[in-house]
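Overview (structure and organization)
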Amino acid sequence: MTAPNRPQPQPGILDIAPYLPGKSGKPGSKAIKLSANESPLGASPKALAAMVEAASHLEIYPEGSSRVLREALGEVHGVDPARIVCGNGSDDLLHLLAQTYLGEGDEAVMNRYGFSVYPIITKAAGASIVMVDEDDYRADVDALLGAVTPRTKVVWLANPNNPTGTYLTSAEVARLHAGLRPDILLVIDSAYAEYVTAADYSVGLDLVGAHDNVVMVRTFSKMGLAAARIGWMVGPDHVVDAINRIRGPFNVNLPAQMAGAAAARDVAFTAELRRHNAHWREWLTTALSGNRMRVIPSQANFVMVLFDSPETAARAFETLADAGYIVREIGPSYGIPQALRISIGSEAAMRAVADVLGSMDLGK
Ligand SMILES: *Cc1c(COP(=O)(O)O)cnc(C)c1O
């Protein structure tokens, strides 16, 4: 066998379709971005102040375990800080979980329209991703369990899910967990937990606390701090120990740690964002239902809107963009070309989007 004439990526790397972020509008344009599920109310002022304060010590390495941030999270969420690991966005933690628990020959299971980062991190670890059909844009517990094989090592579940906005109830997630072998890790990605209003939802901490094979992953990105890159996870001791061995020793920068701790404690700001979102999510869902659009009921800070055809969705995207509103096309990254994902924004943005889509000719 002759050696290749240049360095070769590990198996699986070149099978990865690169992540496609939401569009931002033309450089310099005043377009309003409703494509990345960002906070329409900015960040917590207390988080900003903490970040500015921390930025006066940039010559010093951060405390490597994000202790101050873990303590704040532990206090606010009623979790032992020793069971928390922080990351450079939850993306960092999802990658670390894949690196730790998946390798060549292994399989990870996810629902077909689950978060598009899961196939990337699974393949990056050399494993295969198994995509399972959904039930009308909602994860199907029986189908997920039916896809488990002796090779399965991880199940990825975003709850609520991005890009559909749908969720599994606490009882359904418990049933999913109960059907998994104890050596399969169930990763519950609760990125939108703060926005859920359904009474039968659980963030996953109950399962994490009761079992050895469940972790919950969270983020500050959807709560006004996307640029700061702060994620966190809660897991059993043995998972926390393994992740702490391979994570970067200073994986969360100091301004982010301090901003995160202040944001976690600013429960009034979180409540305000949640109230704004719940109001305008319901308003937009009602306003868009009709005129040949179907809005999938969402528990997140966006809604997925289905049109008659991919062409109609593309026309709606362009018409919104011409009016100055950039939403998310989810054909390319998710394979739902007849849909658009619209983040819940300001009142003015929501009224404008409803006006534009309400007055378009949305026939084929
Ligand atoms: C936005 C999002 C994340 C968060 O990613 P960060 O790296 O923390 O910004 C994680 N999971 C899902 C399902 C998301 O939609």
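This section reports on the structure supplied with the text. (Residues numbered from 1 in each chain as written. Predicted model: local features only at pLDDT ≥ 70, side-chain atom pairs only at ≥ 80, totals over all residues. Heavy atoms only, no water.)

A tally of helices and strands in the protein yields 13 helices and 13 strands. Expected size for 364 residues packed as a compact globule is a radius of gyration near 21 Å; at 21 Å, the protein falls within 12% of this value. With the principal axes as the frame, the protein shows a C-alpha extent of 55 × 55 × 50 Å. Looking at the protein as a whole, 53% of its 364 residues qualify as buried. Here the contacts in the protein between residues at least 6 apart in sequence split such that 76% fall between residues at least 24 apart. With the model as given, the accessible surface of the protein reaches about 15900 Å², and the carbon-plus-sulfur share is 54%. Computed over 32 positive and 39 negative side-chain charges, the separation of the two mean positions in the protein equals 3 Å. (Helix = DSSP H or I, 4+ residues; strand = E, 2+ residues; numbered from the N terminus. Rg over C-alpha atoms; globule rule 2.2 N^0.38 Å. Buried < 20%, exposed > 50% of the residue type's maximum accessible area, 1.4 Å probe, protein only. Contact = heavy atoms within 4.5 Å. Areas by Shrake-Rupley, 256 points an atom, 1.4 Å probe, with all protein chains shown as cover. Lys, Arg positive; Asp, Glu negative; His and termini not counted. Charge placed at Lys NZ, Arg CZ, Asp CG, Glu CD.)

The next subject is the packing of aromatic side chains. Throughout the structure, instances matching the rule amount to seven aromatic pairs. Each ring, one from Tyr167 and one from Tyr201, has its centre 6.3 Å from the other, and the planes form 70 degrees; the classification is edge-to-face. Pair noted here: Tyr167 is in the loop between β5 (152-158) and α6 (170-178) and Tyr201 is in the loop between β6 (185-189) and α7 (205-210), with a separation of 34 residues, a long-range link. For the residue pair Tyr167 and Tyr201, the accessibility class agrees, reading buried in each case. Lying over the aromatic face of Phe302, Arg341 brings its terminal NZ or CZ to 5.5 Å of the ring centre. (Phe/Tyr/Trp six-rings, centres within 6.5 Å; stacked < 30°, edge-to-face > 60°. Lys NZ or Arg CZ within 6 Å of the ring centre and 35° of its normal.)

Attention now moves to the environment of Val141. Within the fold, Val141 resides in helix α5 (residues 141-146). The sequence separation of Val141 and Gly179 amounts to 38 residues, and the corresponding C-alpha distance is 9.2 Å. Setting aside residues up to four positions removed in sequence, Val141 forms contacts with Leu168, Glu172, Arg175 and Leu176.

Turning to the side chain of Ser44, a few remarks are in order. Within the secondary structure, Ser44 is located in the loop between β1 (32-33) and α1 (45-54). On the accessibility criterion, Ser44 (2% relative accessible area) is buried. Apart from residues lying up to four places away in sequence, Ser44 is in contact with Ala263, Asp266 and Phe269.

Another point: the site of the ligand. Close to the ligand lie 13 residues, the nearest being Asp189, Thr219, Ser221, Lys222 and Arg229. One of the side-chain nitrogen or oxygen atoms of Asn162 is found 2.8 Å away from an oxygen atom of the ligand. Note that an oxygen atom of the ligand is positioned 3.2 Å from one of the side-chain N or O atoms of Lys222. Relative to its free-state accessible area of 390 Å², the ligand is covered by the protein chains to the extent of 92%. Each residue belonging to the shell around the ligand can be placed in one class, and the counts come to four nonpolar, five polar and four charged. (Near = heavy atom within 4 Å. Polar contact = N/O pair within 3.5 Å; in protein donor to acceptor, adjacent residues only side chain to side chain. Nonpolar A, V, L, I, M, F, W, Y, C, P; charged D, E, K, R; others polar.)

Right, let's talk about α6 for a bit. Every buried residue belonging to α6 is among Val173, Leu176 and His177, and all of these are buried. Angular distribution of buried residues about the axis of α6 spans 100 degrees; they occupy a single face of the element. Exposed residues pointing more than 90 degrees away from the buried face of α6 are listed as Ala171 and Ala178. Considering only its buried residues, α6 is in contact with α5, β5, β6, α7 and β7 (214-219). (Arc of directions from axis to C-beta.)

Summarising the element assignment, Asn111 is placed in strand β3 (residues 107-111). A distance of 2.9 Å separates a polar atom in the side chain of Asn111 from a polar atom in the side chain of Glu134. Leaving out residues up to four positions away in the same chain, Asn111 has contacts with Met131, Val132, Glu134, Ala139, Leu144, Trp156, Leu157 and Asn161.

To continue, consider the sheet that holds strand β12 (residues 328-329). Across the sheet, four strands lie side by side as β9-β10-β13-β12; this open sheet has antiparallel pairing. In this open sheet, the two edge strands, each paired with only one partner strand, are β9 (294-296) and β12. Alignment of β12 against strand β13 (residues 339-343), held across two bridges, turns out to be antiparallel. Across the sheet, Glu329 pairs through a bridge with Leu340, a residue of β13. Lying over the sheet, helix α10 (residues 267-288) contacts β9, β10 (302-306) and β13, oriented at roughly 10 degrees with respect to β10. (Pairing = 2+ DSSP bridges. Axes fitted to C-alpha atoms, helices over the stretch in contact; angles between N-to-C directions.)

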